[in-house]
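This is what each chain is made of:
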Amino acid sequence: MGITEVGENLIDGVIREIKEESGIDATVSYLISVVSNTAIHKWYDGVTDVPTKVMFDFVCKAVGGELATSEETSECSWVPKESVLDLITLPAIRMRYEAYLNFNGSVNYMEYVTATTSECNVKLQRRV
């Protein structure tokens, strides 16, 4: 999911990105995690530097639209939340989804360092 556009607030950006990448209309329910990737690493092209970044993970609810692929997504499907971990291979994404599954109402702060586009080292996980 990308960044917000000029003049767009964070929540509107989340809703727009969900629609653009999946075809689904959504509402944002609540924040579960703030995640820092503190490493500069190469994009999939092996040339472009991906800068450090801070990401916000929200729980959202589908309220309409049709599930579809886009220029940014090659495949889309509905999966029971109990089965999603079977599909996640990247450690950082797995860590973030586990935070959703274990959410207890307290926002998580997590930090990791991407070693390559397929690996990461989790440095810190702390409840805020």
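Structure's up top.
Conventions used here
- Residues numbered from 1 in each chain as written.
- Predicted model: local features only at pLDDT ≥ 70, side-chain atom pairs only at ≥ 80, totals over all residues.
- Heavy atoms only, no water.
- Core = buried A, V, L, I, M, F, W, Y, C linked by side-chain atoms within 4.5 Å.
- Buried < 20%, exposed > 50% of the residue type's maximum accessible area, 1.4 Å probe, protein only.
- Helix = DSSP H or I, 4+ residues; strand = E, 2+ residues; numbered from the N terminus.
- Phe/Tyr/Trp six-rings, centres within 6.5 Å; stacked < 30°, edge-to-face > 60°.
- Patch = residues over 30% accessible without salt bridge, like charges linked within 9 Å, V, L, I, M, F, W, Y side chains within 5 Å.
- Areas by Shrake-Rupley, 256 points an atom, 1.4 Å probe, with all protein chains shown as cover.
- Salt bridge = Lys/Arg side-chain N within 4 Å of Asp/Glu carboxyl O.

Chemist: Teacher, can you tell me more about the nonpolar core here?
Modeler: A general tendency of soluble globular proteins is for nonpolar side chains to be buried together. Counting residues in hydrophobic clusters, the biggest one holds 7 residues: Val35, Met55, Ala92, Met95, Ala99, Met110 and Tyr112. In terms of residue count, the dominant contributor to this core is helix 2 (residues 91–101) (3 residues).

Chemist: Whenever I open this one, the packing of aromatic side chains confuses me. Can you help?
Modeler: Each aromatic ring pair is characterised by the separation of its centres together with the angle its planes make. Applying the stated criterion across every chain yields a total of 2 aromatic pairs. Plain terms: the ring middles of Tyr30 and Phe103 are 5.4 Å apart, the flat faces sit at 25 degrees to each other, and that makes the pair stacked. With a gap of 73 residues between them, Tyr30 in strand 1 (residues 24–37) and Phe103 in the loop between helix 2 and strand 5 (108–116) connect regions that are remote in the sequence. Here Phe103 falls in the partly exposed class, since its relative accessible area comes to 22%. Centre to centre, the rings of Tyr97 and Tyr100 are 5.3 Å apart; their planes meet at 55 degrees, and the pair counts as tilted. Taken together, the residues span about one helical turn, with Tyr97 and Tyr100 both in helix 2 at a distance of 3 residues.

Chemist: Looking at this structure, I do not really get a nonpolar patch on the surface. What am I missing?
Modeler: A cluster of nonpolar side chains, Leu10, Ile11, Val54 and Phe56, forms an exposed patch at the surface whose accessible area comes to about 320 Å². Elements that contribute at least two residues to the nonpolar patch include exactly helix 1 (10–22) and strand 4 (53–65). Mapped onto the fold, Val54 is located in strand 4. Here Val54 falls in the exposed class, since its relative accessible area comes to 52%.

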